[in-house]
Amino acid sequence: DYGDVRGNIFYDINNCKEKWPDGSQLYSEDLMKLDTFHIALKFVAFVLQDPGLYLKNSFMKLSCFFSPNQNVIIFIKTKFDSVHPVVTGAVCLGISLLYILIICGGLLGIVFSRDSFRPVFISFIIFYCLLVFFTVGNSKLRLPLMPFFIIYCSYFIMSFKNGTWKRAFSNKWILIIILFFLSNSIYKYHEILLSPAEIAVQKIELCNHLGFPKTALYLFEHDKGSSHSASEKERLKRAEAAARKKLFVSHAAK
């Protein structure tokens, strides 16, 4: 997702073929050669190393899954943010608010809808959330759910004609779910506010902090020619020096 600095550097680290610390990554080519039973055993052993951390990361994936981020925001921010930051920010805010309206309206529409597909859709949501919880999560994975949220949101909007919309607010559980959803949307929105230049700097700094200096230098070289503020240039200069120092120490130790 746009602005998810920690999530994005995973792919950069793998592209640079920089070694992960022992025990920090489950996926490998050797693992994919095993049968399903032994893969499951490896997975369980990996989770049991630090179940608290695994649960924390799983909830973070759900947070990304329901964040107001969209694929179109990546295009808008990378193409137009440096030229028209105010307009870009307003457009991204409008897109995010529309998404929030659809989800909230869809949840409220589900409350008093009595169609035969309703239990199937609720089961589909639960299944999808579990799938994301145990595998990977980002905003684009929710696309199969969106047409149904739009339908139920339309149903809720139509209820304003006959005044039945008030019934939707009688369900306390839905209101609690909507409150969690709105809180998560506010919590994740700061990622959308970041400029592409700031994201590039943060990715390099985070790679250094996590012990991936090779990836940090790769991102630094890839970012050359981009426009940065004076403070961002200073941070990049410090990050480059730190990465080169760490690589030198690492090579000297070998």
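Quick note: structure is the one above.
Everything quoted here is computed from the prediction, not taken from an experiment.

Participant: Would you mind going over the nonpolar core with me for this structure?
Facilitator: Considering soluble globular proteins, one finds that nonpolar side chains tend to be buried as a cluster. Counting 28 residues, the largest nonpolar core has Tyr99, Ile103, Phe121, Ile125, Leu145, Phe149 and Phe181 as the members making the most contacts within it. Those elements that provide at least two residues to this core are α4 (51-65), α6 (85-112), α7 (118-134), α8 (146-158) and α9 (172-193). Once residues lying within four places of it in the same chain are set aside, the contact partners of phenylalanine 121 are Ile110, Leu145, Phe148, Phe149 and Tyr152. Formed by 23 residues, the second largest nonpolar core is a distinct cluster that contains Ile192, Ile204, Leu236 and Ala243.

Participant: Whenever I open this one, the packing of aromatic side chains confuses me. Can you help?
Facilitator: Ring pairs (aromatic) are described by centroid distance and by the angle formed between their planes. In this structure the tally under the stated criterion is 20 aromatic pairs. Between phenylalanine 124 and phenylalanine 148 the ring centres are 6.4 Å apart and the planes differ by 85°, which places this aromatic pair in the edge-to-face class. Note that phenylalanine 124 is positioned in helix α7 and phenylalanine 148 in helix α8, a separation of 24 residues in sequence. According to the relative accessible area criterion, phenylalanine 124 is partly exposed, its value standing at 28%. For phenylalanine 148, a relative accessible area of 25% gives the class partly exposed. An aromatic cluster is defined as three or more aromatic residues linked by ring pairs; in this entry it consists of Phe65, Phe66, Phe117, Phe121, Phe124, Tyr128, Phe148, Phe149 and Tyr152. Sitting above the plane of the tyrosine 99 ring, arginine 142 keeps its charged end 4.0 Å from the centroid.

Participant: Looking at this model, I keep getting lost on a nonpolar patch on the surface. Mind explaining?
Facilitator: Side chains of Ile122, Ile126, Leu130 and Phe134 sit close together on the surface and give an oily, nonpolar patch of about 360 Å² of accessible area. By the element assignment, phenylalanine 134 lies in helix α7. Looking at phenylalanine 134, the relative accessible area reads 45%, which means it is partly exposed.

Participant: What should I look at first to understand the pattern of salt bridges in this one?
Facilitator: Pairing of side chains with opposite charge becomes possible as their charged atoms draw close. A complete count under the given rule lists nine salt bridges for this structure. Note that glutamate 240 and arginine 244 form a salt bridge whose closest N and O atoms lie 3.1 Å from each other. Taken as a pair, glutamate 240 and arginine 244 lie in helix α12 (residues 230-253) at a separation of four residues, close to a single helical turn. Overall, the relative accessible area of 41% leaves arginine 244 in the partly exposed class. Residues joined in a network through salt bridges with shared partners are Glu221, Lys224, Glu240 and Arg244.

Participant: What exactly am I supposed to notice about helix α5 (residues 71-80) here?
Facilitator: Counting along an α-helix, one turn takes 3.6 residues, and residues three or four places apart therefore face a common direction. Those residues of α5 not exposed but buried are Ile73, Ile76 and Lys77. Taken around the axis of α5, the buried residues stretch over an arc of 90°, which confines them to a single face. Close packing links the buried residues of α5 with α6, α9 and α10 (196-210).

Participant: Looking at this model, I keep getting lost on the layout of surface pockets. Mind explaining?
Facilitator: Any empty space left between the atoms is revealed when a probe the size of a water molecule rolls over them. Estimated volume of the largest pocket: approximately 2,000 Å³. Going through the elements one at a time, α1 (5-15), α2 (29-32), α3 (36-49), α4, α5, α9 and α10 are the ones with two or more residues in the lining of the largest pocket. For the lining of the largest pocket, the element with the highest residue contribution is α1, accounting for nine residues. For the lining of the largest pocket, the per-class residue count stands at 25 nonpolar, 16 polar and nine charged. Surrounding the second largest pocket, 26 residues form its lining, Pro196, Ala197, Ile199, Ala200 and Asp223 being those nearest its centre. For the lining of the second largest pocket, the secondary structure elements donating two or more residues are α1, α5, α10 and α11 (213-223). The dominant element in the lining of the second largest pocket, judged by the number of residues it contributes, is α10, at five residues.

Scoring rules and cut-offs
Residues numbered from 1 in each chain as written. Predicted model: local features only at pLDDT ≥ 70, side-chain atom pairs only at ≥ 80, totals over all residues. Heavy atoms only, no water. Core = buried A, V, L, I, M, F, W, Y, C linked by side-chain atoms within 4.5 Å. Buried < 20%, exposed > 50% of the residue type's maximum accessible area, 1.4 Å probe, protein only. Helix = DSSP H or I, 4+ residues; strand = E, 2+ residues; numbered from the N terminus. Contact = heavy atoms within 4.5 Å. Phe/Tyr/Trp six-rings, centres within 6.5 Å; stacked < 30°, edge-to-face > 60°. Lys NZ or Arg CZ within 6 Å of the ring centre and 35° of its normal. Patch = residues over 30% accessible without salt bridge, like charges linked within 9 Å, V, L, I, M, F, W, Y side chains within 5 Å. Areas by Shrake-Rupley, 256 points an atom, 1.4 Å probe, with all protein chains shown as cover. Salt bridge = Lys/Arg side-chain N within 4 Å of Asp/Glu carboxyl O. Arc of directions from axis to C-beta. 1 Å grid on protein atoms, 1.4 Å probe; cavity = no way out; pocket = protein on both sides within 12 Å on 5 of 7 lines; lining within 4 Å. Points joined across faces, edges and corners; volume = space filled by probe spheres on them. Nonpolar A, V, L, I, M, F, W, Y, C, P; charged D, E, K, R; others polar.

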